[in-house]
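Residue strings, one per chain:
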Number of protein chains: 2
Amino acid sequence: MSSSTPILKDELDIVIPTIRNLDFLEMWRPFFQPYHLIIIQDGDPSKVIKVPEGFDYELYNRNDINRILGPKASCISFKDSACRCFGFVVSKKKYIFTIDDDCFVAKDPSGKEIDALQQHIQNLLTPSTPFFFNTLYDPYREGTDFVRGYPFSLREGVPTAVSHGLWLNIPDYDAPTQLVKPLERNTRYVDAVLTIPKGTLFPMCGMNLAFNRELIGPALYFGLMGEGQPIGRYDDMWAGWCVKVISDHLGLGVKTGLPYIWHSKASNPFVNLKKEYKGIYWQEELIPFFQSVSLPKDCTTAQKCYIELSRQVKAKLGSIDEYFNKLADAMVTWIEVWDEYNPSAEEKPVALPNGSAK
Amino acid sequence: MSSSTPILKDELDIVIPTIRNLDFLEMWRPFFQPYHLIIIQDGDPSKVIKVPEGFDYELYNRNDINRILGPKASCISFKDSACRCFGFVVSKKKYIFTIDDDCFVAKDPSGKEIDALQQHIQNLLTPSTPFFFNTLYDPYREGTDFVRGYPFSLREGVPTAVSHGLWLNIPDYDAPTQLVKPLERNTRYVDAVLTIPKGTLFPMCGMNLAFNRELIGPALYFGLMGEGQPIGRYDDMWAGWCVKVISDHLGLGVKTGLPYIWHSKASNPFVNLKKEYKGIYWQEELIPFFQSVSLPKDCTTAQKCYIELSRQVKAKLGSIDEYFNKLADAMVTWIEVWDEYNPSAEEKPVALPNGSAK
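Residues numbered from 1 in each chain as written. Chains lettered and ligands numbered in written order. Predicted model: local features only at pLDDT ≥ 70, side-chain atom pairs only at ≥ 80, totals over all residues. Heavy atoms only, no water.

- For chain A, the name recorded in an unreviewed UniProt entry is UDP-arabinopyranose mutase, with Cicer arietinum as its organism.
- The Catalytic activity (unreviewed entry) field of the UniProt record for chain A holds the comment "UDP-beta-L-arabinofuranose = UDP-beta-L-arabinopyranose". (UniProt positions renumbered as here; feature names shortened; annotations may be inferred.)

Next up, the structure:
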């Protein structure tokens, strides 16, 4: 049991989409063992994942998901790590940390192993500052503060919904960049956490990600990817665009930066290109759509925002490809599933921002 | 002559508001000597600043400014480092680096002296990415790139107008924070440069700042501060708010982060409190004003934007305090002076953004 993760043991689940390599769990054992794991097997359900002793876990394969959700299982992707969001629904905890099985423990510049989970928790437990940029980065961190000229009325910040961690070694590049720069490695440890300002979108990677499930969980849908779908590798991007516009609307914060994990291997760029190529051109229309999304004032919960977003997706993106109509329907199904498994949260309103000067 | 500053020798001026300590120039000699210095003496004109041999410089005191500008000298602050903007007007170079005389050469974590000027030049010569956030920070830096999910149509970026550098040792805190945390020192070297997203304001500090004078110079007015004015220590903040909304409008970028300088001494927090206190409450109205500023499409140059901004300042901030009417008038005078000393630039239009999805 790690002494560096003393809090939130009963408030956080770790969601892992499949585990192909058991070294992964052994390496993370000192950090993960105190927590409950939810493993969502993304491929062939007949394969057995043997979780080493000492871990507290539940594991779902495709058969389980079909049995539990019935026809609504259609909203959960198959043969794609997007299936991880099923774990977000069935968790009963306040916080989620999700990580891929090719992500190992990184070291900071002093050579010390980084407890990624502890840093995510710190990010989630301290406020965000989306309305004004602090040039010394996270003002709540030890040894720093708000700089001269930062409005005092904004210094309380807003609740943090998402903590987006980064990756040393293999950077999260798209297939074209992987092909052009096969040998590029991320060796730069940037010792910063910062809030992504209100109104700014970012490419959210699902490899090393934590969030407040109570505040924003319903927006963390990873879409329709993998078997039977025209695209892949846009599951986390889709979730990130949705999460950001909904967080902005609800007055919640999204942080990025620390903690780093060690991303051990690059996926095959040729396979990735096949998965991505529609996403690469669709996103040129999707980004402007998300940049101009406006949610009405009566959308006071993540669920309501998400349903409204699904309507706008159908109305404004359906003409790009039939896929977006299907995705919009799946977004609605996802919320139905969410509400079914999280009945108490359904009508829990999230406070709208105050202190926002916008 | 420093081998690490091989470019832009004839394209950049260093503007320094007064030099109280000649060690300052000695310490920077290897980095600054190749460049032309413009020194603006902020206090008593009868005092003589003895610039050490080997530096190429021009020096202006208050008498010089009055003689050169006549009645228009009223727009240049006296007994305040805000007077530095006179140097921006009389420069004939494309780029400006301005630095305070209590800022010394910092060291990076490996112990190497940081050539701040060279890093600013690099920041200014590479594009900015204000329309979408790149989670691995500056995508144009060696060893990194745009991450997966970054729209390809936005990867060319936009011209960089401003490079805002940071400070090790004494952080740039306001008087209340100085009083509460007198011993806090900034020891965290964050190895990053990032673009401040479009639509987001930031507290711009004038201590360690570079900009493209051709693109944005007219917006770098440091306002009315010091003798005879009701506030101080908001000169750079004012310039920063103006610069950011105008850069956003013109499709230019503002970067912050590297390079660090070593900020050697904190100014007196009691004196600072007296200078700041009106600014501290006024800014609660000024920030929402700047957050909602909208400039018309026909404002295609920094000058036109600035004149329009002065109109909006008078119309919307004049009711806060008579000071803002005076400031609005000074903003107009400043542009008159600018156009007089930079006639060719007057009608040089700056391209409006393309590639912006907003």
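1. With respect to the interface of chain A and chain B
Phase 1 of the analysis: Taken together, the contact between chain A and chain B spans 64 residues of the former and 64 residues of the latter.
Phase 2 of the analysis: In this assembly, chain A packs against chain B so that about 5400 Å² is buried in total across both faces, 56% of it on carbon and sulfur atoms.
Phase 3 of the analysis: The interface formed by chain A and chain B includes 10 salt bridges.
Phase 4 of the analysis: A salt bridge links K181 of chain B to D145 of chain A; the nearest nitrogen and oxygen atoms lie 2.6 Å apart.
Phase 5 of the analysis: The interface formed by chain A and chain B holds 28 residue pairs in polar contact (both at pLDDT 80 or more) in total.
Phase 6 of the analysis: Residue assignment for the side of chain A that touches chain B shows that the elements contributing at least two residues are strand 6 (160–169), helix 5 (175–180), helix 7 (235–250), strand 9 (253–263) and helix 8 (269–292) of chain A.
Phase 7 of the analysis: It is helix 8 of chain A that contributes the most residues to the side of chain A that touches chain B, 7 residues altogether. (Contact = heavy atoms within 4.5 Å. Buried area = accessible area lost by both parts, 1.4 Å probe. Salt bridge = Lys/Arg side-chain N within 4 Å of Asp/Glu carboxyl O. Polar contact = N/O pair within 3.5 Å; in protein donor to acceptor, adjacent residues only side chain to side chain. Helix = DSSP H or I, 4+ residues; strand = E, 2+ residues; numbered from the N terminus.)

2. Thoughts on the pairing of strand 4 (residues 95–99) of chain B
Residues and elements named next belong to chain B.
Phase 1 of the analysis: In terms of burial, strand 4 is a largely internal element, 5 of the 5 residues being buried.
Phase 2 of the analysis: On strand 4, burial covers both faces: Y95, F97 and I99 on one face and I96 and T98 on the other are all buried.
Phase 3 of the analysis: Note: strand 1 (residues 12–17) against strand 4, 4 bridges, orientation parallel. Bridge pairing in strand 4 places D13 opposite I96.
Phase 4 of the analysis: Relative to strand 8 (residues 208–212), strand 4 is paired through 5 bridges, and the arrangement is antiparallel. Bridge pairing in strand 8 links T98 to L209. (Buried < 20%, exposed > 50% of the residue type's maximum accessible area, 1.4 Å probe, protein only. Pairing = 2+ DSSP bridges.)

3. A few points about the relation of the copies chain A and chain B
Phase 1 of the analysis: Mapping chain A onto chain B calls for a screw motion: a turn of 180 degrees about the axis and a shift of 0.0 Å along it, with 0.0 Å RMSD after fitting. Here the transformation between the copies is reduced to the relation of a two-fold axis. It is V190 of chain A whose C-alpha, among those of chain A, lies nearest the rotation axis, at 2.8 Å.
Phase 2 of the analysis: A share of 100% of the interface residues of chain A reappears at the interface of chain B, consistent with the copies meeting face to face through the same patch. (Least-squares fit on C-alpha atoms with pLDDT ≥ 70 in both.)

4. Here's the deal with a nonpolar patch on the surface
All names here are of chain A.
Phase 1 of the analysis: Residues L179, V180, F270, L273, Y277 and Y281 make up a contiguous nonpolar surface patch of roughly 630 Å² in combined accessible area.
Phase 2 of the analysis: Among the elements of the structure, helix 5 and helix 8 are those that each provide at least two residues to the nonpolar patch.
Phase 3 of the analysis: Take the nonpolar patch: its biggest share by element is 4 residues, from helix 8.
Phase 4 of the analysis: Among the structural elements, V180 can be located in helix 5. (Patch = residues over 30% accessible without salt bridge, like charges linked within 9 Å, V, L, I, M, F, W, Y side chains within 5 Å. Areas by Shrake-Rupley, 256 points an atom, 1.4 Å probe, with all protein chains shown as cover.)

5. Re the nonpolar core
Phase 1 of the analysis: Counting 249 residues, the largest nonpolar core has F32, I216, W238 and W334 of chain A together with F32, I216 and W238 of chain B as its most contacted members.
Phase 2 of the analysis: Excluding its chain neighbours within four sequence positions, the residues that come into contact with F32 of chain A are I14, F24, L37, F55, F97, I99 and L117 of chain A. (Core = buried A, V, L, I, M, F, W, Y, C linked by side-chain atoms within 4.5 Å.)

6. Details of the UniProt feature "site: Required for activity" (unreviewed entry) in chain A
Phase 1 of the analysis: Look at the UniProt record and you will see "site: Required for activity" (unreviewed entry) annotated at R148 and R155 of chain A.
Phase 2 of the analysis: Here R148 of chain A lies in the loop between helix 4 (116–125) and strand 6.
Phase 3 of the analysis: We classify R148 of chain A as buried; its relative accessible area is 4%.
Phase 4 of the analysis: Among all residues touching R148 of chain A, those that are not within four sequence positions of it are D172, Y173, D174, P203, C205, R233, D236, M237 and E276 of chain B.
Phase 5 of the analysis: Take R155 of chain A: it is sitting in the loop between helix 4 and strand 6.
Phase 6 of the analysis: Of the polar contacts made by the side chain of R155 of chain A, one reaches the backbone oxygen of V147 of chain A; its length is 3.5 Å.

7. Examining the packing of helix 8 of chain A against helix 9 (residues 302–317) of chain A
Residue and element names in this part refer to chain A.
Phase 1 of the analysis: As a packed pair, helix 8 and helix 9 sit with axes 12 Å apart at the nearest point and diverge in direction by 135 degrees. Classified by the angle between their axes, helix 8 and helix 9 sit oblique to one another. Between helix 8 and helix 9 lies a crossing of right-handed hand. Across the interface between the two elements, E285, L286, F289 and F290 from helix 8 touch L309, Q312, V313, K316 and L317 from helix 9.
Phase 2 of the analysis: For the contact of helix 8 with helix 9, the per-class residue count stands at 6 nonpolar, 1 polar and 2 charged. (Axes fitted to C-alpha atoms, helices over the stretch in contact; angles between N-to-C directions. Parallel < 35°, antiparallel > 145°, perpendicular 65-115°, else oblique. Left-handed = near helix turned anticlockwise from the far one by under 90°. Nonpolar A, V, L, I, M, F, W, Y, C, P; charged D, E, K, R; others polar.)

8. Focus on the UniProt feature "glycosylation site" (unreviewed entry) in chain A
Phase 1 of the analysis: Within the UniProt annotation, "glycosylation site" (unreviewed entry) is assigned to R148 of chain A.
Phase 2 of the analysis: Among the polar contacts listed, one links the side chain of R148 of chain A to the backbone oxygen of R233 of chain B, at a separation of 2.8 Å.

9. Describing the side chain of T98 of chain B
Phase 1 of the analysis: In this structure, T98 of chain B sits in strand 4.
Phase 2 of the analysis: Engagement of the side chain of T98 of chain B in a polar contact is seen with the backbone oxygen of V15 of chain B, the distance being 2.8 Å.

10. Describing unusual backbone geometry
Residue and element names in this part refer to chain A.
Phase 1 of the analysis: Across the junction of L258 and P259, the peptide omega takes the value 5 degrees, indicating a cis bond.
Phase 2 of the analysis: Tracing the backbone shows P259 in strand 9.
Phase 3 of the analysis: Positive phi outside glycine occurs at Y137, with the angle close to 65 degrees.
Phase 4 of the analysis: With respect to the helices, strands and loops of the structure, Y137 is situated in the loop between helix 4 and strand 6.
Phase 5 of the analysis: Phi at R233 is positive, roughly 60 degrees, even though this residue is not glycine.
Phase 6 of the analysis: Secondary-structure assignment places R233 in the loop between helix 6 (213–216) and helix 7.

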